[in-house]
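# Architecture at a glance
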Protein chains: 2
Amino acid sequence: MHCGEMGSRWGFNRTVGQMYGLLIIHEEPLSAMQISEALNISRGNVSMGIKELQSWRLVQVQHKPKDRKEYYSPAGSIWEMATRVFEERRKREVDPTLSLLRDNLLDEPANQKEQYAQKQMHEIHDLLETVTHWAGELQSMSPEKLNTLMKLGAGVSKVINLKDKLISK
Amino acid sequence: MHCGEMGSRWGFNRTVGQMYGLLIIHEEPLSAMQISEALNISRGNVSMGIKELQSWRLVQVQHKPKDRKEYYSPAGSIWEMATRVFEERRKREVDPTLSLLRDNLLDEPANQKEQYAQKQMHEIHDLLETVTHWAGELQSMSPEKLNTLMKLGAGVSKVINLKDKLISK
DNA sequence: CTGAAGTTTCAGTATTTTCTGAAAGTTTAA
DNA sequence: TTAAACTTTCAGAAAATACTGAAACTTCAG
């Protein structure tokens, strides 16, 4: 139920959220029919939900021997799911904005007002670009490395200072 | 217009997104009436939108001498806006989940299935906690430090290796 | 006080999004 | 080739969300 409530905030709708929650919590893969019964939603809705989850690369289809039904389970570890949600949201929420900003910055400002507007857009663009680029680099690190880094927390700033000193010597 | 389309993805609705976009692009503060005319939306809707933006701590009210109207402008720099949106979204999207997970983990699992469910929830909980804790620490760093760190990108991993070597000596 | 100039609220309406279920499509065992 | 056992699609219904505008409220200059 909570996954449903949070669903929309996390980027999908109520039933999709519930479906995903159910799959994560349930050890065995579930058939569309089982999902529909467990959550009390129509069979067609399940089909659409699965499609949506697949577009997020969050579910896997499996087949059981002697059974024509399709069984669904979460794709990958919790960690992988997190990076996938993160990546997909970046694609949907950040990339379009970034590309629009870029287009806009190519135009020559026609007057004082447009110049100010561009200045602001430029700042937003640079910020988004730096952050998404960094996020990409972090994702390319191994989960273990990343974990060390996160555990280090703000302490990372001390390590960087240290590096600067060593280099300057 | 784009801010409107993106609005819902970014956590608010179309008109709120448009209003915020307008305020950012416009150098001078705007009155509610001006906003309503510029975006062609009702005066009442502007009032509700401003309230929403205030709940995100994204707009400021100003007064001009000899004028009873309220004038609105974005609160803080682009950087501050970003951290505010980030923080608010954490509050709305992550914190409730984290607290629900915690509650759930206090219950004694009644059977094998519940045990598995708890195992999964535990993993999600730990991941969310590590990430949000880290994000908090990063936000407490000065923007300049953070910028250095981001520019360093994946190179940060080398610096950490270096540190480990130094310590082991 | 008073009332003009403003803001907020909220019931009702319009719009958007989600969900259902029946029909169409697909796959495969025999 | 058939038909049973599934899955997908999609038009229309239901539900959720956003918007309007008029009434209520607030503030303050005179």
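Structure report, in brief. (Residues numbered from 1 in each chain as written. Chains lettered and ligands numbered in written order. Predicted model: local features only at pLDDT ≥ 70, side-chain atom pairs only at ≥ 80, totals over all residues. Heavy atoms only, no water.)

## Side note on the sheet that holds strand β3 (residues 70–74) of chain B
Residue and element names in this part refer to chain B. Rule in force here: Two strands are said to pair when DSSP picks up at least two bridges between them. Think of it this way: any DSSP run of H or I at least four residues long counts as a helix, any run of E at least two long counts as a strand, and we number them from the N terminus. Residue contacts are defined here by distance: any two heavy atoms, one from each residue, within 4.5 Å place the two residues in contact. Between N-to-C directions, angles span 0 to 180 degrees; the directions come from axes that are lines fitted to C-alpha atoms, helices contributing only their stretch in contact.
Taken together, three strands build an open sheet; the order of strands is β1-β3-β2 and the sheet is antiparallel. Sheet topology places β1 (30–31) and β2 (59–63) at the edges, where each strand pairs with a single neighbour. As judged from the two bridges shared by β1 and β3, these two strands associate in the antiparallel manner. Across the sheet, S31 pairs through a bridge with Y71, a residue of β3. Set on the sheet, helix α2 (residues 14–25) makes contact with β1, β2 and β3; between it and β3 the angle comes to about 85 degrees.

## Notes on the interface of chain B and chain A
We count it as follows: What gets called buried area is simply the loss in accessible area from a 1.4 Å probe that two parts show on being joined, summed for both. Only one rule defines a salt bridge in this text: a Lys or Arg side-chain nitrogen within 4 Å of an Asp or Glu carboxyl oxygen. In protein, a polar contact means a hydrogen-donor-capable atom and an acceptor-capable atom, both N or O and within 3.5 Å, with residues adjacent in sequence counting only if both atoms are side-chain atoms; elsewhere, any N or O pair within 3.5 Å suffices. Polar here means any residue other than Ala, Val, Leu, Ile, Met, Phe, Trp, Tyr, Cys and Pro, which are nonpolar, and Asp, Glu, Lys and Arg, which are charged; Gly is therefore polar.
Across the contact, 49 residues belong to chain B and 50 residues belong to chain A. Taken together, the two surfaces of chain B and chain A that pack against each other cover about 4,800 Å², and 73% of this comes from carbon and sulfur. Counting the surface chain B buries against chain A, the share from its top three residues, B:I78, B:W134 and B:M150, is 14%. Taken together, the links from chain B to chain A amount to two salt bridges. A salt bridge links B:E93 to A:R89; the nearest nitrogen and oxygen atoms lie 3.3 Å apart. Applying the counting rule to chain B against chain A returns ten residue pairs in polar contact (both at pLDDT 80 or more). Of all elements in the fold, only α1 (2–10), α2, α5 (78–106), α6 (112–140), α7 (143–152) and α8 (156–168) of chain B reach the threshold of two or more residues within the side of chain B that touches chain A. For the side of chain B that touches chain A, the element with the most residues is α6(B), which contributes 14 residues. The residue inventory of the side of chain B that touches chain A, partitioned by class, reads 28 nonpolar, ten polar and eleven charged.

## Quick notes on the protein's contact with DNA strand D
Going by this rule: What makes a residue near a molecule or strand is one non-hydrogen atom of that residue sitting within 4 Å of it.
The environment of DNA strand D is made up of 17 residues, and the closest members are A:R43, A:S47, A:R68, B:T15 and B:S42. Counting only the atoms of DNA strand D within 4 Å of the protein, the fraction contributed by sugar and phosphate is 69%. Mapped onto the surface near DNA strand D, the elements with two or more residues apiece are α4 (43–55) of chain A together with α2 and α4 (43–55) of chain B. Here the surface near DNA strand D takes five residues from α4(A), the largest share from any one element. Classifying every residue of the surface near DNA strand D by side-chain character gives three nonpolar, seven polar and seven charged.

## Describing a negative patch on the surface
All names here are of chain A. Selection criterion: Patch definition: residues above 30% relative accessible area lacking any salt bridge, with like charges linked at up to 9 Å and the nonpolar side chains Val, Leu, Ile, Met, Phe, Trp and Tyr linked at up to 5 Å. We get accessible surface area from the Shrake-Rupley algorithm with a probe of 1.4 Å; when it comes to residues, only the shown protein chains can shield them. Just so you know, the count uses Lys and Arg for positive and Asp and Glu for negative, and it drops His and the chain ends. Taken as the charge centre is NZ of Lys, CZ of Arg, CG of Asp or CD of Glu, depending on the residue. Only protein chains enter the calculation, and the probe is 1.4 Å; a residue is then buried if its accessible area is under 20% of its type maximum, exposed if over 50%, and partly exposed in between.
Where like charges cluster on the molecular surface, the negative patch consists of D103, D107, E108 and E114. Residue placement: E114 occurs in helix α6 (residues 112–140). Residue classification places E114 among the partly exposed positions, given a relative accessible area of 38%.

## Topic: the sheet that holds strand β1 (residues 30–31) of chain A
In a beta sheet, neighbouring strands pair by backbone hydrogen bonds and run either parallel or antiparallel. Residue and element names in this part refer to chain A. In space, the three strands of this open sheet follow the order β1-β3-β2, with antiparallel pairing throughout. The sheet is open, and its two edges are formed by β1 and β2 (59–63), each paired on a single side. Where β2 and strand β3 (residues 70–74) come together, five bridges link them in antiparallel fashion. Considered in β3, the bridge of V59 is made with P74.

## Quick word on the pairing of β3(A)
The buried fraction of β3(A) is high, at four of five residues. In textbook terms, the turn of a hairpin is the stretch between consecutive antiparallel strands, and for β2(A) and β3(A) this stretch comprises six residues, one of which, A:K66, has a positive phi near 65 degrees.

## What to know about the packing of aromatic side chains
Heads up, the rule is: Aromatic rings from Phe, Tyr and Trp, with only the six-membered ring used for Trp, were paired whenever their centres fell within 6.5 Å, and each pair was classed as stacked if the ring planes differed by under 30 degrees, edge-to-face if by over 60, and tilted otherwise.
Applying the stated rule across the entire model yields three aromatic pairs over all chains. Centre to centre, the rings of A:W134 and B:W134 are 6.0 Å apart; their planes meet at 35 degrees, and the pair counts as tilted. Remark: B:W134 occurs in helix α6 and A:W134 occurs in helix α6; the pair is interchain, linking two chains. We note that A:W134, like B:W134, is buried. With 5.1 Å between their ring centres and 75 degrees between their planes, B:F12 and B:W56 make a pair best called edge-to-face. With a gap of 44 residues between them, B:F12 in the loop between α1 and α2 and B:W56 in the loop between α4 and β2 connect regions that are remote in the sequence.

## Notes on the relation of the copies chain B and chain A
Our working definition: A least-squares superposition brings the copies together, and it is based on the C-alpha atoms of residues with pLDDT no lower than 70 in both.
By a simple turn and slide, chain B fits onto chain A: the slide is 0.0 Å along the axis, the RMSD is 0.1 Å, and the turn is 180 degrees. The two molecules are tied by a two-fold rotation axis, judged by turn and shift. Residue B:V159 of chain B places its C-alpha closer to the rotation axis than any other residue of that unit, at 3.6 Å.

## Focus: the pattern of salt bridges
Residues and elements named next belong to chain A. For the coordinates displayed, the defined rule picks out 16 salt bridges over all chains. D95 is the partner of R90 in a salt bridge, and the nearest nitrogen-oxygen pair spans 3.6 Å. The exposure class of R90 is partly exposed, given its relative accessible area of 25%. Residue D95 is classed as partly exposed on the basis of its relative accessible area, which comes to 29%. Here the residues in one salt-bridge network are R57, E87, E88, K91 and R92, joined through shared partners.

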